[in-house]
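Residues per chain, in single letters:
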Amino acid sequence: MLAVLIESILNKWRTMPQAHVDLTGRTVVVTGSNTGLGLDSAKMFYEMNPARLILAVRSLEKGEAAKQSILSLHAGTASSENAPSVEVWKLDMADFSSVVQFAERCEKELERLDVFLANAGVASESWAVTKDGWEQGIQVNVLSTILLSLLVTDKMVQTSKLTAPKPGIEFVPHLVIVASDVHFFAPFSDRTQPNILVALNDQKRFNSSTRYTDTKLFEILLTRHLAQHHPVYASSNGKGPVLCTVNPGFTRSDFHRDWSPVFKWCALLHTIIKC
Ligand SMILES: NC(=O)c1ccc[n+]([C@@H]2O[C@H](COP(=O)([O-])OP(=O)(O)OC[C@H]3O[C@@H](n4cnc5c(N)ncnc54)[C@H](OP(=O)(O)O)[C@@H]3O)[C@@H](O)[C@H]2O)c1
């Protein structure tokens, strides 16, 4: 773990590693793309020239600002005719009805869905309950992420059967869930409870210092389960859509915006000790 932490600080603290795949004619969705890793990923996807780049955000205002920040990087360079279409779509992961509406919109309005980066996440320092009655971290990081992944799967299957928009460039649709290496530290003590979700949603059992790590481990376990047992992902044999997690490593972002300075230092110390 110490090696992962050092590698993250050296390689990802100031600059993002660069990647390039030709996404000409394809459609990319990034959730939580108004800031942090989601915004930087969206900027990078733009460079890969997709036909449509959807910024899925809970604040349309912040989404529009993010869109402008992406477009401003390319002002005057690409001809507007061939430039990717950047669209801002509403998605609140703390609201199941918003997740369902977003997935329905994908089904109706997208001709194809080649990359779905499920990036939106929270690290709550304190107990907060969504309007659906779930502790925020559990709903955003785990329940809505998995629900949304399941709901967009059909569109990704349909996409895998379409011809490549640019002849010669083959690319299997990817549904990528942004996980975290902090899952290594997760005690996940509620795993032995008769009903894990009920236990995680019990305020008396809530521990702010382990909630985020627990949600990231839970997210990975559920994704692995789907990759191994969901009929689409378990039998895709490299032809159907791929479901996977990605670990960005320790990265500078807006993630700890709600944390008090004391809590931030305690969390950092805790991480170093665990390493
Ligand atoms: N930063 C790191 O070191 C690190 C390391 C490992 C993994 N990660 C993972 O990377 C992902 C992105 O984190 P980040 O570091 O880029 O944090 P960030 O800068 O705080 O970005 C989080 C994004 O998620 C969005 N989001 C939060 N709650 C949402 C909701 N209810 N509905 C829709 N969107 C919501 C935020 O929107 P608002 O701006 O509107 O709140 C924001 O766009 C997370 O899944 C996190 O677990 C981060």
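See above for the structure.
Residues numbered from 1 in each chain as written. Predicted model: local features only at pLDDT ≥ 70, side-chain atom pairs only at ≥ 80, totals over all residues. Heavy atoms only, no water.

Caption draft 1: Representation of the sheet that holds strand β1 (residues 27-31) within the structure. Across the sheet, which stays open at both edges, the six strands sit in the order β3-β2-β1-β4-β5-β6 with parallel pairing between neighbours. The open sheet is flanked by β3 (85-90) and β6 (242-246), the only strands paired with a single partner. Direction aside, neighbouring strands of the sheet carry axes that sit 15° apart on average. For β1 and strand β2 (residues 52-57), the ladder comprises five bridges, and the chain directions are parallel. (Pairing = 2+ DSSP bridges. Helix = DSSP H or I, 4+ residues; strand = E, 2+ residues; numbered from the N terminus. Axes fitted to C-alpha atoms, helices over the stretch in contact; angles between N-to-C directions.)

Caption draft 2: Here's a closer look at the pairing of strand β5 (residues 174-178). Where burial is concerned, most of β5 is hidden: four out of the five residues are buried. Pairing between strand β4 (residues 115-118) and β5: four bridges, direction parallel. When the bridges of β5 are listed, valine 115 appears paired with histidine 174. With respect to chirality, the unit in which β4 leads through helix α5 (residues 136-160) into the neighbouring parallel β5 is right-handed. For β5 and β6, the ladder comprises five bridges, and the chain directions are parallel. For leucine 175, the partnering residue across the bridge sits in β6 and is leucine 243. (Buried < 20%, exposed > 50% of the residue type's maximum accessible area, 1.4 Å probe, protein only. Right-handed = clockwise from strand over helix to strand, strands pointing away.)

Caption draft 3: Representation of the site of the ligand. What surrounds the ligand is a group of 29 residues, the closest being Arg58, Tyr212, Thr251, Ser253 and Arg257. Between the ligand and the protein, one listed contact pairs a nitrogen atom with a side-chain N or O atom of aspartate 92 at 3.0 Å. Taking 880 Å² as the accessible area of the ligand by itself, protein coverage stands at 98%. Of all elements in the fold, only α2 (36-47) and α7 (208-229) reach the threshold of two or more residues within the shell around the ligand. Classifying every residue of the shell around the ligand gives 13 nonpolar, 10 polar and six charged. (Near = heavy atom within 4 Å. Polar contact = N/O pair within 3.5 Å; in protein donor to acceptor, adjacent residues only side chain to side chain. Areas by Shrake-Rupley, 256 points an atom, 1.4 Å probe, with all protein chains shown as cover. Nonpolar A, V, L, I, M, F, W, Y, C, P; charged D, E, K, R; others polar.)

Caption draft 4: Region of the structure containing the packing of α5 against α7. In the contact formed by α5 and α7, the axes pass within 8 Å of each other and the chain directions differ by 15°. Taken together, the axis directions place α5 and α7 in an arrangement best described as roughly parallel. Relative to α7, α5 is oriented so that their crossing is right-handed. Touching Gly137, Ile138, Asn141, Val142, Thr145, Ile146 and Leu150 of α5 are Arg211, Tyr212, Thr215, Phe218, Glu219, Leu222, Thr223 and Leu226, all from α7. Looking at the contact of α5 with α7, its residues break down into eight nonpolar, five polar and two charged. (Parallel < 35°, antiparallel > 145°, perpendicular 65-115°, else oblique. Left-handed = near helix turned anticlockwise from the far one by under 90°. Contact = heavy atoms within 4.5 Å.)

Caption draft 5: Fine view of the environment of asparagine 119. Relative to the elements of secondary structure, asparagine 119 occurs in the loop between β4 and α5. Residue classification places asparagine 119 among the buried residues on the basis of a relative accessible area of 12%. Measuring from C-alpha to C-alpha, the distance between asparagine 119 and glycine 38 comes to 6.1 Å, with 81 residues separating the pair along the chain. Aside from chain neighbours lying at most four places away, what touches asparagine 119 is Val30, Thr31, Gly32, Leu37, Gly38 and Val178.

Caption draft 6: Representation of the nonpolar core in the model. Judged by nonpolar contacts, the single largest core of 27 residues is most densely connected at Val29, Phe102, Phe116, Leu148, Val152 and Leu175. When residues of this core are traced back to their parent elements, those giving at least two are β2, α4 (96-109), β4, α5 and β5. No other element matches α5, which puts five residues into this core. The residues contacting phenylalanine 102, other than those within four sequence positions of it, are Val29, Ala56, Trp89, Lys90, Leu91, Phe116 and Leu148. Core analysis: the second largest hydrophobic core is formed by 20 residues, Leu23, Leu53, Ile70 and Val176 among them. (Core = buried A, V, L, I, M, F, W, Y, C linked by side-chain atoms within 4.5 Å.)

Caption draft 7: Structural view of a positive patch on the surface. A cluster of basic residues, Arg58, Lys62, Lys90 and Arg257, forms a positive patch at the surface. Take arginine 257: it is sitting in the loop between β6 and α9 (261-274). Judged by relative accessible area, arginine 257 falls into the partly exposed class, the value being 47%. (Patch = residues over 30% accessible without salt bridge, like charges linked within 9 Å, V, L, I, M, F, W, Y side chains within 5 Å. Salt bridge = Lys/Arg side-chain N within 4 Å of Asp/Glu carboxyl O. Lys, Arg positive; Asp, Glu negative; His and termini not counted. Charge placed at Lys NZ, Arg CZ, Asp CG, Glu CD.)

Caption draft 8: Molecular detail of unusual backbone geometry. The residue asparagine 49 is not glycine, and still its phi comes out positive at about 65°. Backbone geometry places phenylalanine 188, a non-glycine residue, at a positive phi of 40°. With a relative accessible area of 4%, phenylalanine 188 lands in the buried category.

Caption draft 9: Highlighting the packing of α4 against α5. Direction vectors running N to C along α4 and α5 enclose 15°, while the axes themselves pass 10 Å from each other. Between α4 and α5, the angle falls in the class roughly parallel. Where α4 crosses over α5, the handedness of that crossing is right-handed. Where α4 abuts α5, its residues Phe96, Val99, Val100, Phe102, Ala103, Cys106 and Glu107 lie against Gln139, Leu143, Ser144, Leu147, Leu148, Leu151, Val152, Lys155 and Gln158. Taken together, the residues of the contact of α4 with α5 sort by class into 11 nonpolar, three polar and two charged.

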